[in-house]
Amino acid sequence: MERSLPEALGLTGGRPLYPARVSGTPLHPTRRQLTVLCGLALVSLGWYAVEPVHPDCLVLSGGYAPGDAPPAERYLAHQEAYGQAVPDGACGPSRPRFRTWTG
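Residues numbered from 1 in each chain as written. Predicted model: local features only at pLDDT ≥ 70, side-chain atom pairs only at ≥ 80, totals over all residues. Heavy atoms only, no water.

For the protein chain, the count of helices and strands is four helices and two strands. Its helices and strands taken in sequence order, the protein chain reads α-α-β-α-β-α from the N to the C terminus. A burial count over the protein chain gives 7% of its 103 residues as buried. A sequence separation of at least 24 residues applies to 59% of the contacts in the protein chain between residues at least 6 apart. (Helix = DSSP H or I, 4+ residues; strand = E, 2+ residues; numbered from the N terminus. Buried < 20%, exposed > 50% of the residue type's maximum accessible area, 1.4 Å probe, protein only. Contact = heavy atoms within 4.5 Å.)

Glancing now at the confidence of the model for the protein chain. Residues at a pLDDT of 70 or more form 71% of the protein chain, whose mean pLDDT is 78. When pLDDT is averaged over each helix and strand of the protein chain, the minimum, 69, is found for helix H1 (residues 5-8) and the maximum, 93, for helix H2 (residues 31-50). (pLDDT = per-residue confidence, 0-100.)

Now for the environment of Ala85. Along the chain, Ala85 falls in helix H3 (residues 71-88). Residue classification places Ala85 among the buried residues on the basis of a relative accessible area of 10%. In the structure, Ala85 is positioned 26 residues away from Val59 in sequence and 7.0 Å away in space, judged by C-alpha atoms. In contact with Ala85, other than residues within four places in its own chain, are Val59, Ala90 and Cys91.

The full count for this structure, using the stated rule, is one disulfide. Each disulfide pairs two cysteine sulfurs, and for Cys57 the partner residue is Cys91, the sulfurs being separated by 2.1 Å. Torsion about the S-S bond of the Cys57 and Cys91 cystine: about 95°, corresponding to right-handed handedness. With Cys57 in the loop between strand S1 (52-53) and H3 and Cys91 in the loop between H3 and strand S2 (95-96), the pair connects residues that are 34 residues apart, well separated along the chain. (Disulfide = S-S within 2.5 Å.)

Turning to the packing of aromatic side chains, a few remarks are in order. Scanning all chains against the criterion turns up one aromatic pair. Relative to Trp101, the ring of Tyr48 has its centre 6.4 Å away and its plane inclined at 25°; by these criteria the two rings are stacked. Residue Tyr48 is found in helix H2, and its partner Trp101 is found in helix H4 (residues 98-101); the two are separated by 53 residues along the sequence. The partly exposed category is assigned to Tyr48, whose relative accessible area is 40%. One Lys or Arg, Arg97, reaches over the ring of Tyr48 and ends 4.3 Å from the middle of that ring. (Phe/Tyr/Trp six-rings, centres within 6.5 Å; stacked < 30°, edge-to-face > 60°. Lys NZ or Arg CZ within 6 Å of the ring centre and 35° of its normal.)

Along its 18 residues, H3 runs 26 Å from first to last C-alpha, staying within 8% of the 26 Å computed at 1.5 Å per residue. Of the residues making up H3, those classed as buried are Ala81, Tyr82 and Ala85. Projected down its long axis, H3 carries its buried residues within an arc of 105°, all on one side. Of the exposed residues in H3, those oriented more than 90 degrees away from the buried face are Ala72, Gln84 and Pro87. (Expected span 1.5 Å × (residues − 1). Arc of directions from axis to C-beta.)

Written out as structure tokens, the structure reads:
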């Protein structure tokens, strides 16, 4: 009986020459894991792209929010002032972030 070359050279011992490829580990993600990861990346990029951004403008309003007011109250006062400045022409309207990427 003839032996194959690896057997003749003693290369078929207890350990394989190359470690077995383990699927599903961080070094070797499965197709499902890659699909989910790419999907999450696309959703995140899409969400970031459609977030509204306001152009730079200075809004002075007669609204009053004390310095120690909760952040939500100060944010609301700022939004009301911005909302009044847009129709007056003092500020441009907000637009999706991706519109600013092309200029």
